Amino acid sequence: MTDTPQPDRIHPLPHSDQDADRAARIPDTPQTRAPSYRLAFTDRDFLLRDELRPVRLQLELLKPQMVMDERGIGSTVVMFGGARIPAPDAVGQARTNGLAALSRYYAEARVFAQRMTERSLAAGGGEFVICTGGGPGVMEAGNLGAAEAGGQSIGLGIVLPHEQAPNIHVTPDLCFNFHYFAIRKMHFLMRARAITVFPGGFGTLDELFEALTLIQTGRMAQVPVLLFGAEFWDGIINWQALADAGTISASDLQLIRYVETADEAVDIIDNWPRPEC
């Protein structure tokens, strides 16, 4: 064995970037200007055709996967929650009194992310990495808490008509942007070792029920699903009514746990049975 670094691959064919560079320096003729002459993998118009959707889905799955592998991300702690929930020092800017009252969950999200990131760093920094949607509100609190603890965190953003830039606390090399909601959801759950859900709106509910459905149906291993704020959740979802009606099993109610503080959530995660390798 040798310690000399080896290239990723060795073969006699040119690398794609070499041919892309050569193709950009060809003579300008009617033939070379024709769209048909463009290299397929550098032809934006071709890649954005409807027929290429399967390829774009694959690319969007592969890119974050490869980047996270290269960064040594082994597992994540997912944080879902409302983008509109203000930080405690910005309560005066809240759109409603209800949002202002929910600002305490911004504070809990921030502390929770700090605590989990401290545990992650103690284990090398690649496990239990905080993962949010990369936006404002609870998501910002999660990325901020991780940054304050000195660790990395992930932001899985998506292109929306009125979305702003990712919050500034996401680790830049782990800040992703998605076109497909479905692929983004996969990346939220593919490495998840715990899922925390703070008060939120349609998007938060969508993400919560997606995760619960996968766990309920056995399509995903059971992990802690921790809902911050019993009063909020009991006010919008009558879980027991679903069981009483028989549309879910009584045992399905055990898939979720209510917590009020970061300490409670951390304690449950710390004591959750670890999966076998």
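One can find the structure itself at the top, above this paragraph.
Note that this is a predicted model, so its numbers are computed, not measured.

1. Section: the overall build of the protein
- Assigned secondary structure in the protein consists of 12 helices and 7 strands.
- If one aligns the C-alpha atoms of the protein with their principal axes, the spans along those axes are about 70 × 50 × 45 Å.
- Considering only intrachain contacts with a sequence separation of at least 6, the fraction spanning at least 24 residues in the protein is 67%.
- As presented, the protein carries roughly 16200 Å² of accessible surface, and 54% of it is formed by carbon and sulfur atoms.

2. Here's the deal with the packing of aromatic side chains
- A complete count under the given rule lists 5 aromatic pairs for this structure.
- Judged by centre distance (6.1 Å) and plane angle (70°), the rings of phenylalanine 112 and phenylalanine 228 are edge-to-face. Note that phenylalanine 112 is positioned in helix α6 (residues 103-122) and phenylalanine 228 in strand β6 (residues 225-228), a separation of 116 residues in sequence. Each member of the pair, phenylalanine 112 as well as phenylalanine 228, is classed as buried.
- Note on phenylalanine 232 and tryptophan 233: the rings are 5.1 Å apart at their centroids and 90° apart in plane angle, and the pair reads as edge-to-face.
- On the basis of relative accessible area, phenylalanine 232 is assigned to the partly exposed category, the value being 21%.
- Taken together, the ring pairs in this structure connect Phe112, Phe198 and Phe228 into an aromatic cluster.

3. Here's the deal with the layout of surface pockets
- The calculated volume of the second largest pocket comes to roughly 270 Å³.
- If you trace the second largest pocket, you find 16 residues lining it, with Met186, Leu189, Met190, Leu214 and Met220 closest to the centre.
- Contributions of two or more residues to the lining of the second largest pocket are made by α8 (181-190), β5 (192-197) and α9 (202-216).
- Ranked by residue count, the leading element in the lining of the second largest pocket is α8, at 5 residues.
- A per-class count over the lining of the second largest pocket returns 9 nonpolar, 2 polar and 5 charged.

4. Focus on helix α12 (residues 262-270)
- Along α12, the residues that are buried comprise Ala262, Ala265, Val266, Ile268 and Ile269. The buried side chains of α12 occupy one side of the element, clustering within an arc of 160° when seen end-on.
- Where α12 is buried, its residues meet α6, β5, β6 and β7 (257-259).

5. Observations regarding the side chain of arginine 56
- Looking at where arginine 56 falls in the secondary structure, it is placed in helix α4 (residues 53-70).
- Within the buried set, arginine 56 has no salt-bridge partner at all; the shortest N-O distance to an opposite charge, 5.0 Å, is to aspartate 50.
- For arginine 56, the side chain forms a polar contact with the side chain of tyrosine 180, separated by 3.3 Å.

6. Here we look at α4
- Along its 18 residues, α4 runs 26 Å from first to last C-alpha, staying within 8% of the 26 Å computed at 1.5 Å per residue.
- By the burial criterion, the buried members of α4 are Arg56, Glu60, Pro64 and Met68. Burial along α4 is one-sided: seen end-on, the buried residues are contained in an arc of 95°. Exposed side of α4, more than 90 degrees from the buried face: Pro54 and Glu70 are the residues found there.
- Against the buried residues of α4 lie α3 (44-47), β3 (153-158), β4 (175-178) and α8.
- Positive backbone phi, at 75°, marks glycine 72, one or two positions downstream of α4.

7. Brief notes about a negative patch on the surface
- Judged by side-chain charge, Glu231, Asp234, Glu260, Glu264 and Asp267 come together as a negatively charged surface patch.
- For the negative patch, the elements supplying multiple residues, two or more each, are α10 (230-236) and α12.
- On the accessibility criterion, glutamate 231 (66% relative accessible area) is exposed.

Rules behind the numbers
- Residues numbered from 1 in each chain as written.
- Predicted model: local features only at pLDDT ≥ 70, side-chain atom pairs only at ≥ 80, totals over all residues.
- Heavy atoms only, no water.
- Helix = DSSP H or I, 4+ residues; strand = E, 2+ residues; numbered from the N terminus.
- Contact = heavy atoms within 4.5 Å.
- Areas by Shrake-Rupley, 256 points an atom, 1.4 Å probe, with all protein chains shown as cover.
- Phe/Tyr/Trp six-rings, centres within 6.5 Å; stacked < 30°, edge-to-face > 60°.
- Buried < 20%, exposed > 50% of the residue type's maximum accessible area, 1.4 Å probe, protein only.
- 1 Å grid on protein atoms, 1.4 Å probe; cavity = no way out; pocket = protein on both sides within 12 Å on 5 of 7 lines; lining within 4 Å.
- Points joined across faces, edges and corners; volume = space filled by probe spheres on them.
- Nonpolar A, V, L, I, M, F, W, Y, C, P; charged D, E, K, R; others polar.
- Arc of directions from axis to C-beta.
- Lys, Arg positive; Asp, Glu negative; His and termini not counted.
- Salt bridge = Lys/Arg side-chain N within 4 Å of Asp/Glu carboxyl O.
- Polar contact = N/O pair within 3.5 Å; in protein donor to acceptor, adjacent residues only side chain to side chain.
- Expected span 1.5 Å × (residues − 1).
- Patch = residues over 30% accessible without salt bridge, like charges linked within 9 Å, V, L, I, M, F, W, Y side chains within 5 Å.
- Charge placed at Lys NZ, Arg CZ, Asp CG, Glu CD.

The analysis is restricted to geometry; functional conclusions fall outside its scope.
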